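Below are the chains, spelled out letter by letter.
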Amino acid sequence: MVESNGAELTEHEAELYDRQIRLWGLDSQKRVRLARILIAGINGLGAEIAKNVILAGVKSVTLLDDRKVTEEDFCSQFLAPQSSVGTNRAEASLTRAQHLNPMVELKADTEPIESKSDDYFKDFDVVCLIGASTAQHLRVNNVCREANVKFFATDVWGMHGFCFTDLQKHEFAEDVAKYVVVSKPHEKPKSETVYSTVKCTLEFPPYQSLVDFDCKSTSYARQLKRNGPALPVQRVLQKFRDEEQRDPAYGKREEDLKKLFQLRDSLVPELIPDKSFDHVFAQISPVTAIVGGVVAHEIIKVVSQKERPHRNVFLFNPDTCCGFVDLIGADK
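What you see is a predicted model; the values in this text were computed from it and never measured.

Caption draft 1: Local environment of the overall build of the protein chain. A count of helices and strands for the protein chain gives 12 helices and 10 strands. In terms of its C-alpha atoms, the protein chain occupies a principal-axis envelope of roughly 75 × 50 × 35 Å. Relative to its 332 residues, the protein chain shows a buried fraction of 51%. Sequence-distant contacts in the protein chain: of pairs separated by 6 or more residues, those separated by 24 or more amount to 64%. Element-wise, carbon and sulfur atoms account for 49% of the exposed surface of the protein chain, whose accessible area totals about 16,100 Å². The averaged location of the 49 negative side-chain charges in the protein chain is 5 Å from the averaged location of its 43 positive side-chain charges.

This is how it looks when you write it as structure tokens:
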């Protein structure tokens, strides 16, 4: 975890980040300024996360992606120009990303994530995986836990959004409000809100806890009834990616829907209606903006060590167009 280590902001940085300093304090902004972020998978969701993190003023952001820009990216990927079709997605996103904040160090890495050694991930303070397989999630999460690197796994499939967070043992400061009576005994009751900063610690389970979680358990039935089948849908979509080595494609809609229904019936029978898979193709821009904003905000909260983070799964439900947080694999 990054510390301020006596780092100072330049006069230009203090002016540029003035609003953020007023929002979460100078010490928190100093910690943000030292953070090194890896974003692996620069699709529409990755572009949203990169934009928000870069604007926040971190030290460096590495964009890791070995895939090429396709026409499908233009549903939501705004960092890569349309003239870049066929070129590497990370490199194509670099110029526009740098224009967002020239003070942040940016790098494009075009190698596949499988080729990276364990030590590669240990050089970052936060690792965020997008579009990864379950095996990749598990491997990188284990490396991050060994090195105390904060880990995020996030995705958008059409209108469905998801983020898993593993911060291991995370310390942060939280402002707690108290209502203090300031009126005298014979006067009309009057109170004021007084805030005090409290240091807190939370522990997070590994990604394996999400893989092992039983969506069909009776203990989870109440959450399913209240929030809908967002988590079972995520599990089916992730399984589709693992088996097909790609996400559902609109050009193969009928074929892919048939496969999704088969996976649903084998993994989570009777939990997901057919209509839940109507909008799982490509990445819809408004959803990437919402989920990307949430994930980027969580990253900033983590590196600034300010505010309570989500613990530990965020899901976006397209039926209600609302997001919610579930605690999966850990005690409350």
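Caption draft 2: Expanded view of the packing of aromatic side chains. Here the structure, examined in full by the defined rule, presents seven aromatic pairs. Centre to centre, the rings of Tyr120 and Phe124 are 5.5 Å apart; their planes meet at 65°, and the pair counts as edge-to-face. Both residues of the pair, Tyr120 and Phe124, belong to the buried class. On the numbers, 5.2 Å between centres and 85° between planes, the contact of Phe164 with Tyr207 is edge-to-face.

Caption draft 3: Expanded view of the pattern of salt bridges. Under the criterion given, the structure shown has 24 salt bridges. In this structure, Arg145 and Asp166 form a salt bridge, with 2.7 Å as the shortest nitrogen-oxygen distance. Residue Arg145 is found in helix α7 (residues 134–147), and its partner Asp166 is found in strand β6 (residues 160–166); the two are separated by 21 residues along the sequence. Classification of Arg145 as partly exposed rests on a relative accessible area of 32%. Judged by its relative accessible area of 0%, Asp166 falls in the buried class.

Caption draft 4: Spotlight on helix α11 (residues 253–267). The terminal C-alpha atoms of α11 lie 21 Å apart, and with 15 residues this matches the ideal 21 Å at 1.5 Å per residue to within 8%. Restricting attention to buried positions, one finds in α11 the residues Asp256, Leu257, Lys259, Leu260, Leu263 and Arg264. Angularly, the buried residues of α11 cover 160° about the axis, an arc narrow enough to put them on a single face. Within α11, the exposed residues directed more than 90 degrees away from the buried face are Glu254, Glu255, Lys258 and Ser266.

Caption draft 5: Just the pairing of strand β4 (residues 126–130), in detail. Of all the five residues making up β4, five are buried; the element is thus mostly covered by neighbouring parts of the structure. Burial along β4 is two-sided: the face carrying Val126, Cys128 and Ile130 and the face carrying Val127 and Leu129 are both buried. Pairing of strand β1 (residues 36–40) with β4 involves four bridges; the strand directions are parallel. Paired with Ile37 across the two strands is Val126, which belongs to β4. Two elements, β4 and strand β5 (residues 150–157), share five bridges in a ladder whose sense is parallel. Note that in β5 the partner of Val127 across the bridge is Phe151.

Here is what the cut-offs are and how they apply
- Residues numbered from 1 in each chain as written.
- Predicted model: local features only at pLDDT ≥ 70, side-chain atom pairs only at ≥ 80, totals over all residues.
- Heavy atoms only, no water.
- Helix = DSSP H or I, 4+ residues; strand = E, 2+ residues; numbered from the N terminus.
- Buried < 20%, exposed > 50% of the residue type's maximum accessible area, 1.4 Å probe, protein only.
- Contact = heavy atoms within 4.5 Å.
- Areas by Shrake-Rupley, 256 points an atom, 1.4 Å probe, with all protein chains shown as cover.
- Lys, Arg positive; Asp, Glu negative; His and termini not counted.
- Charge placed at Lys NZ, Arg CZ, Asp CG, Glu CD.
- Phe/Tyr/Trp six-rings, centres within 6.5 Å; stacked < 30°, edge-to-face > 60°.
- Salt bridge = Lys/Arg side-chain N within 4 Å of Asp/Glu carboxyl O.
- Expected span 1.5 Å × (residues − 1).
- Arc of directions from axis to C-beta.
- Pairing = 2+ DSSP bridges.

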